[in-house]
Amino acid sequence: MNDDESGLLHDFGKWLESLAPFDPDSNHYHQNRTGEDNADAQMKRQVMGREVVIAITKGKLDFGPWEQIFYGEFDGGWLKRVLVKLIGEKQKWIDGSTSLLDCWSLMQ
Amino acid sequence: MNDDESGLLHDFGKWLESLAPFDPDSNHYHQNRTGEDNADAQMKRQVMGREVVIAITKGKLDFGPWEQIFYGEFDGGWLKRVLVKLIGEKQKWIDGSTSLLDCWSLMQ
Amino acid sequence: MNDDESGLLHDFGKWLESLAPFDPDSNHYHQNRTGEDNADAQMKRQVMGREVVIAITKGKLDFGPWEQIFYGEFDGGWLKRVLVKLIGEKQKWIDGSTSLLDCWSLMQ
């Protein structure tokens, strides 16, 4: 989750590459001995996060003033699935419960 | 979330500066071409996390033995908002439900 | 959370050591002036995450195709506690509610 600004997105790509550079050499990343070459993507993913938990207030995602959710692709070539789940109460279950129990959203 | 020890807080500041140094030069961080100079703060924030999910047990935040929540300021000059939400059940809704469904707290 | 592959686990250890090397020298990590020598472990933990939030679908942890949960030990010598909490509804509370409100699991 960060600011939606093209310069910043470029900076994140460059920064992640400096922290965990792509390198198919299996002396650098042992995982690459399996025939894969995406060990760096696992590390970039670790820094950027696997899931976000976002509050919902009055039916809207309760972001900070500039926050947006981004999906970062560090490997490619794989079909991806985005899972969104909501935690909360349906008002019809117990009248008025929505105002007592806040709703939650989780995306992975 | 980490140990509340002044030396460690100093170490985190130094470590984050080494991972993502402040640099107003827009050749280093393209975001700075927008007139901002806080691209490094976005990266420090990425490492330190945007939100924490903390279990509540018997009405108290269920931390590890030395865990504390910290707010890290890497940019400054902006008014900030802390959002705390609870997930759980009020005992009066369904008697005894609190012991079945644990309560949750999320802070961003 | 990452791929369960021994080469990758080796790569993560090496990568974390490069980001936050172990160093008992208290000039490097001020925390070590307290007599501890685990400041690096606090930083490794920060990168790897303290907790994971995992969706449950049809009674199973809803992972990606290769995802597994790992516990990383960067310090040692301490007794650890794993806390798992579930968020959801018991079907007997309100009939059919499980299909409306998804269940959640959080591990720290």
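Residues numbered from 1 in each chain as written. Chains lettered and ligands numbered in written order. Predicted model: local features only at pLDDT ≥ 70, side-chain atom pairs only at ≥ 80, totals over all residues. Heavy atoms only, no water.

## A closer look at the side chain of Glu67 of chain B
Test applied: Starting at the N terminus, helices and strands are each numbered in turn, a helix being any DSSP run of H or I of at least four residues and a strand any DSSP run of E of at least two. Exposure is judged per residue with a 1.4 Å probe applied to protein chains only, and the accessible area is read against the type maximum: over 50% gives exposed, under 20% gives buried, and values in between give partly exposed. Definition of a polar contact: a pair of N or O atoms within 3.5 Å, with one able to donate and the other able to accept a hydrogen when the atoms are protein atoms, and with sequence-neighbouring residues admitted only if both atoms are side-chain atoms. Throughout, a residue-residue contact means that at least one pair of heavy atoms, one from each residue, lies within 4.5 Å.
By secondary structure assignment, the location of Glu67 of chain B is in strand β4 (residues 67-68). The class for Glu67 of chain B is buried, based on a relative accessible area of 6%. Looking at Glu67 of chain B, its side chain comes within polar contact range of the side chain of Arg45 of chain C, at 2.7 Å. At 3.0 Å, the side chain of Glu67 of chain B forms a polar contact with the side chain of Arg50 of chain C. Setting aside residues no more than four positions away along its own chain, Glu67 of chain B makes contact with Met1 and Asn2 of chain B together with Arg45 and Arg50 of chain C.

## Considering the relation of the copies chain B and chain C
What counts is decided by this rule: Least-squares fitting of one copy onto the other uses the C-alpha atoms of those residues that reach a pLDDT of at least 70 in both copies.
By a simple turn and slide, chain B fits onto chain C: the slide is 0.0 Å along the axis, the RMSD is 0.0 Å, and the turn is 120°. The superposition of one copy onto the other is thereby described by a three-fold rotation axis. In terms of proximity to the rotation axis, the leading residue of chain B is Val47 of chain B, whose C-alpha is 3.5 Å off the axis.

## Some thoughts on the interface of chain A and chain C
The condition that has to hold: By buried area we mean how much accessible surface two parts lose on assembly, using a 1.4 Å probe and totalling the loss over both. What counts as a salt bridge is simple: a side-chain nitrogen of Lys or Arg found within 4 Å of a carboxyl oxygen of Asp or Glu.
Contacts between the two partners involve 29 residues from chain A and, on the opposite side, 34 residues from chain C. Of the roughly 2,700 Å² buried between chain A and chain C, counting both surfaces, carbon and sulfur atoms make up 59%. For Arg45 of chain A, the salt bridge is made with Glu67 of chain C, and the minimal N-O distance between the two is 2.7 Å. Where chain A packs against chain C, one counts 15 residue pairs in polar contact (both at pLDDT 80 or more).

## So, the relation of the copies chain A and chain C
Aligned on chain C, chain A shows an RMSD of 0.0 Å; the corresponding rotation is 120° and the shift along the axis is 0.0 Å. Comparing interface residues between copies, only 17% of those in chain A also lie at the interface in chain C; the contact surfaces differ.

## Things to note about the packing of aromatic side chains
Residue and element names in this part refer to chain A. How we decide: Between rings of Phe, Tyr and Trp, where Trp is taken as its six-membered ring, a pair exists when centres lie within 6.5 Å; planes separated by under 30 degrees are stacked, by over 60 edge-to-face, and by other angles tilted.
Tallied over the full model, the rule gives three aromatic pairs over all chains. Note on Phe12 and Trp15: the rings are 5.7 Å apart at their centroids and 75° apart in plane angle, and the pair reads as edge-to-face. Pair noted here: Phe12 and Trp15 are both in helix α1 (residues 6-19), with a separation of three residues, about one helical turn. With respect to burial, Phe12 and Trp15 carry one shared label: buried.

Function-wise, these values are silent; they only describe arrangement.
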